[in-house]
Amino acid sequence: MAGLYEIWQRAAVARRLDVLAGFIAMCVAGDADAQHRLAQVVAGADTALSSSPPDLAVASEYLDQLVCWADKEWTDHPYRPLTSSPS
């Protein structure tokens, strides 16, 4: 059974993934290629998080891809989620 810290880490990665994916989905509305790319990244992260045991390293790599994408494309966007990570 996973410890409390591992459960907390999984929840933190999943929440950050959901927030960034929602923001990026809003920004790429109407761009089929970008929507497809986003769907692939989210599917990969979801697969990693739902495996038993969850693969947080892989899920975090997918999350990092979303962070880099948001940083590159929408750095000055007023609704861009702040990047923070659990300590």
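Described below are features of the structure shown in this document. Along each chain, the written sequence defines residue order, and numbers are assigned to residues from 1. A pLDDT threshold of at least 70 governs which residues receive local features in this predicted model, and a stricter bar of 80 or more applies before side-chain atom pairs are shown or counted, although totals over entire chains, interfaces and linings include all residues. Side-chain figures throughout are based on the complete set of non-hydrogen atoms in the structure, without hydrogens or water.

1. Points about the nonpolar core
Piece 1. Nonpolar core, defined: a set of buried Ala, Val, Leu, Ile, Met, Phe, Trp, Tyr and Cys residues in which side-chain atoms within 4.5 Å join the residues together. Here the term buried applies to any residue with accessible area under 20% of the maximum for its type, exposed to any over 50%, and partly exposed to those in between, with areas from a 1.4 Å probe on protein chains only. Formed by 22 residues in total, the largest nonpolar core has its most connected members in I24, L38, L66, W69 and W74.
Piece 2. Those elements that place two or more of their residues in this core are α1 (4–27), α2 (32–50) and α3 (56–73).
Piece 3. The residues touching L66, leaving out its near neighbours within four places in the chain, are L17, L20, A21, I24, L38 and V41. Counting from the N terminus, the helices are the DSSP runs of H or I reaching at least four residues and the strands are the DSSP runs of E reaching at least two. Whether two residues are in contact is decided by their heavy atoms: any pair within 4.5 Å suffices.

2. Some details on α2
Piece 1. A helix is expected to span 1.5 Å for every residue after the first. In this model, α2 (19 residues) spans 26 Å end to end at C-alpha, consistent with the 27 Å of a helix rising 1.5 Å per residue.
Piece 2. Those residues of α2 not exposed but buried are A34, L38, V41, V42, G44, A45, A48 and L49. For α2, the arc enclosing every buried residue in end-on projection is 155°, short of the 170-degree limit, so these residues lie on one face. Among the exposed residues of α2, those pointing more than 90 degrees away from its buried face are A32, D33, T47 and S50.
Piece 3. Tucked inside the fold, the buried residues of α2 contact α1 and α3. Starting at the helix axis, one direction is taken to each C-beta atom, and the arc is that of these directions.

3. Points about the packing of aromatic side chains
Each aromatic ring pair is characterised by the separation of its centres together with the angle its planes make.
Piece 1. By convention, a stacked pair of Phe, Tyr or Trp rings (six-membered ring in the case of Trp) has centres within 6.5 Å and planes under 30 degrees apart, an edge-to-face pair has planes over 60 apart, and any other such pair is tilted. Under the defined criterion, the tally for this structure stands at 3 aromatic pairs.
Piece 2. With a centroid separation of 5.9 Å and an interplanar angle of 90°, the aromatic rings of F23 and W74 are classed as edge-to-face. Of this pair, F23 sits in helix α1 while W74 sits in the segment after α3; the two residues are 51 residues apart in sequence, bridging distant segments of the chain. Here F23 matches W74 in class, with each residue buried.
Piece 3. Pairwise contacts between aromatic rings join F23, W69 and W74 into one cluster.
Piece 4. Placement of a positive charge over a ring is assigned whenever Lys NZ or Arg CZ falls within 6 Å of the ring centre and within 35 degrees of the normal to the ring plane. Directly above the ring of W69 sits R37, whose terminal nitrogen or CZ lies 3.9 Å from the centroid.

The quantities given are spatial measurements derived from coordinates; they are silent on function.
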